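Residues per chain are reported as follows:
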Amino acid sequence: MTTSDFRKYAHQFADWMADYFENVERYPVVSQVKPGEIKSALPKAPPQKGESMDAIFNDFNRIILPGMTHWQSPNFFGYFPANNSMPSVLAEMLTATMGAQCMVWLSSPAAAELEEATMEWLKEMLGLPASFAGVIQDTASTSTLCAILTAREKKSGYEINSKGFSGKERFRVYCSEHAHSSIDKAVKIAGLGLENLVKIGVDADFAIRPDELEERIKSDIVEGKTPLCVVAALGTTSSTAIDPVRKIGQICDKYNVWLHVDGAYAGTALALPEMRWIADGLELADSFVFNPHKWMFTNFDCSAYFVKDPQSLIQTFTISPEYLKTSADDQVNNYRDWGIQLGRRFRALKLWFVIRSYGLEGIREKLRLHIGLAHKIKEWVLSDPRFELLAPVLLGTVCFRMTLPGLDEERINRLNEEFLNRVNNTGKAFLTHTKLNGKYTIRMSIGQTETREEHVVKAWELIVDEAQKIIYTIS
Ligand code: PLP
């Protein structure tokens, strides 16, 4: 491709991108294709000769686009958001063009120093403890794995890294039964064994019970096991429950246990001073993660990981082959030592663009809008006898179900599943589900960048309409 062709297609694609942002809500939110449909439309073998960009782009529109679920639709209410924004996408275009591999300071000084600066900004924006130092990881899963590996190494005097596990005590990790599956995965990968992940019961609001946590830690010590790490959830995935960080931190302090706080989704809400209460006690944590790629308008991937003692993180991961040494090593942050991977994308640029373009006020305005809309849905659920609220609404996510008096729980679950499928099959909105206390629970998570009241009103009308159809069929 010549630069003049590149210029031509870049302009064409920029138009496509702007059109996409303008028209994304016209697409069915969730892709309507069947399993295997996209693959069967693709040639089995790669082309021998290069093809024209017109042909490639044509196939993108014809084959790929119909197989996409549109996360940036303002009618996307599934999972947690993975919202992006135009400033973020513009930055990604520059990042991709420069194609820098930001493993050490020298391999792109601006990337390393902008990462340091944006992490400092995030600390201030979220009111995080001054003692934290931040690094950008790809995902919260990776950040949590880093936390567990660092806790393991610190506790073992960095010996497992050098000598392996032989003869080492059984390390125990604790989290609530509602904590995210990335903790199970991290415990597996860290070699601790899933049997050593202790799931603690929750209270009526689905937050961990600190009394039960302390009992389990005590009984583990009596049995000769070593409590290693507690992962507290700041916003569980199912219902956005908030574990009591201060109480957990005090327990961790007492028994010398690493406290990692997983605020993958909810952490962004700390940008709102009125929401900071959810993280009361965060200064007791050893590490904290939240994902700007969930609710801070920064496109995937961008996970902000903060640690109180960066030296223990670095000591866990550092490896210094001759070919990576530079003369600046003792003056700079080489982020290859702050995590698992060597090669790193320049993720700070998009975050910098987003924070500068929205400003703290712009970010706060959007968050308040989303949380306010979630509270509206909550009021509609509470005031309609056809629905039932299944968890407290604290942030942008509402958990509810259709009430069907006189039916047994199994049937109610099946009918709620059918109800959710009907809503999603319209293509007009997309919601997902979880189970709370055995009840099939519909989750409506409001957090796409352009979601406004009109989208939520329309989605609620659709929900009521589809619920009413189910109610007719059973009456
Ligand atoms: N932790 C929580 C509470 C989550 O809700 C999620 C994902 O939704 C994760 C961790 C995993 O995030 P990631 O996809 O960045 O690994």
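Keep in mind it's a predicted model, so treat the numbers as computed, not measured.

This part covers the layout of surface pockets. Here the largest pocket is characterised by a volume of approximately 1,100 Å³. Every residue lining the largest pocket is counted, 42 residues in all, and those nearest its centre are W71, Q72, A82, H293 and F300. For the lining of the largest pocket, the secondary structure elements donating two or more residues are α1 (3-23), α3 (53-64), α4 (86-98), α6 (140-155), α11 (292-295) and β10 (432-436). Broken down by element, the lining of the largest pocket gets its largest block of residues, four residues, from α1.

Turning our eyes to something else, we now look at the state of the cysteines. Per the stated rule, a full pass over the model turns up zero disulfides. Its sulfur unpaired, C102 is 13 Å from the next cysteine sulfur, which belongs to C302. Free of any disulfide, C175 has its nearest cysteine sulfur in C229, 9.3 Å distant.

A word on a nonpolar patch on the surface. Where nonpolar side chains cluster on the molecular surface, the patch consists of L42, I64 and M68 and spans about 230 Å² of accessible area. Mapped onto the secondary structure, L42 falls in the loop between α2 (37-40) and α3.

Much of the literature gives interface size as the accessible area that the parts lose upon coming together. When cut into domains, the protein gives domain 1 (1-30 + 69-82 + 359-475) and domain 2 (100-345). Contact with domain 1, which involves 27 residues of that partner, is made by 26 residues of domain 2. In total, domain 1 and domain 2 occlude about 2,300 Å² of area from one another, counting both sides; carbon and sulfur atoms represent 72% of this. Looking at the side of domain 1 facing domain 2, the largest losses of area belong to F80, L367 and L395, adding up to 28% of the total buried there. Our enumeration of links across domain 1 and domain 2 arrives at one salt bridge. The salt bridge partner of R368 is E274, with a shortest N-O separation of 2.6 Å. Scanning the region where domain 1 abuts domain 2 turns up eight residue pairs in polar contact (both at pLDDT 80 or more). For the side of domain 1 that touches domain 2, the secondary-structure elements that each account for two or more residues are α13 (348-382), β9 (397-402), β10 and β11 (439-445). Looking at the side of domain 1 that touches domain 2, the element that brings in the most residues is α13, giving eight residues. The residue inventory of the side of domain 1 that touches domain 2, partitioned by class, reads 15 nonpolar, eight polar and four charged.

Right, let's talk about the site of the ligand for a bit. Taken together, 13 residues form the shell around the ligand, and within it A140, S141, T237, D262 and N291 come nearest. Within the side chain of T237, an N or O atom sits 2.8 Å from an oxygen atom of the ligand. Here K294 contributes a side-chain N or O atom positioned 3.2 Å from an oxygen atom of the ligand. When the ligand is considered free in solution it has 390 Å² of accessible area, and contact with the protein chains removes 86% of it. Of all the cavities here, the one that holds the ligand is the largest pocket. Mapped onto the shell around the ligand, the elements with two or more residues apiece are α6 and α11.

Let us now look at the pattern of salt bridges. Under the defined criterion, the tally for this structure stands at 31 salt bridges. Salt-bridge contacts for E466 lead to R422; the nearest nitrogen and oxygen are separated by 3.9 Å. Taken together, the residues E466 in helix α15 (residues 453-474) and R422 in helix α14 (residues 409-425) connect sequence positions 44 residues apart. We classify R422 as partly exposed; its relative accessible area is 27%. One salt-bridge network, in which partners are shared between bridges, spans E92, D301, R345, R347 and K350.

Another point: unusual backbone geometry. The residue after F300, namely D301, is reached through a cis peptide bond having omega 10°. Phi angles above zero are rare outside glycine, and T240 is one such case at about 60°. Considering the arrangement of structural elements, one finds T240 in the loop between β4 (226-233) and α10 (245-255). You can call T240 buried: its relative accessible area is 0%. Of note, N437 is a non-glycine position whose phi angle comes to about 50°, a positive value.

Basis of the calculations
Residues numbered from 1 in each chain as written. Predicted model: local features only at pLDDT ≥ 70, side-chain atom pairs only at ≥ 80, totals over all residues. Heavy atoms only, no water. 1 Å grid on protein atoms, 1.4 Å probe; cavity = no way out; pocket = protein on both sides within 12 Å on 5 of 7 lines; lining within 4 Å. Points joined across faces, edges and corners; volume = space filled by probe spheres on them. Helix = DSSP H or I, 4+ residues; strand = E, 2+ residues; numbered from the N terminus. Disulfide = S-S within 2.5 Å. Patch = residues over 30% accessible without salt bridge, like charges linked within 9 Å, V, L, I, M, F, W, Y side chains within 5 Å. Areas by Shrake-Rupley, 256 points an atom, 1.4 Å probe, with all protein chains shown as cover. Salt bridge = Lys/Arg side-chain N within 4 Å of Asp/Glu carboxyl O. Domains from an automatic or database assignment. Contact = heavy atoms within 4.5 Å. Buried area = accessible area lost by both parts, 1.4 Å probe. Polar contact = N/O pair within 3.5 Å; in protein donor to acceptor, adjacent residues only side chain to side chain. Nonpolar A, V, L, I, M, F, W, Y, C, P; charged D, E, K, R; others polar. Near = heavy atom within 4 Å. Sits in = over half its atoms within 2 Å of the grid points. Buried < 20%, exposed > 50% of the residue type's maximum accessible area, 1.4 Å probe, protein only.

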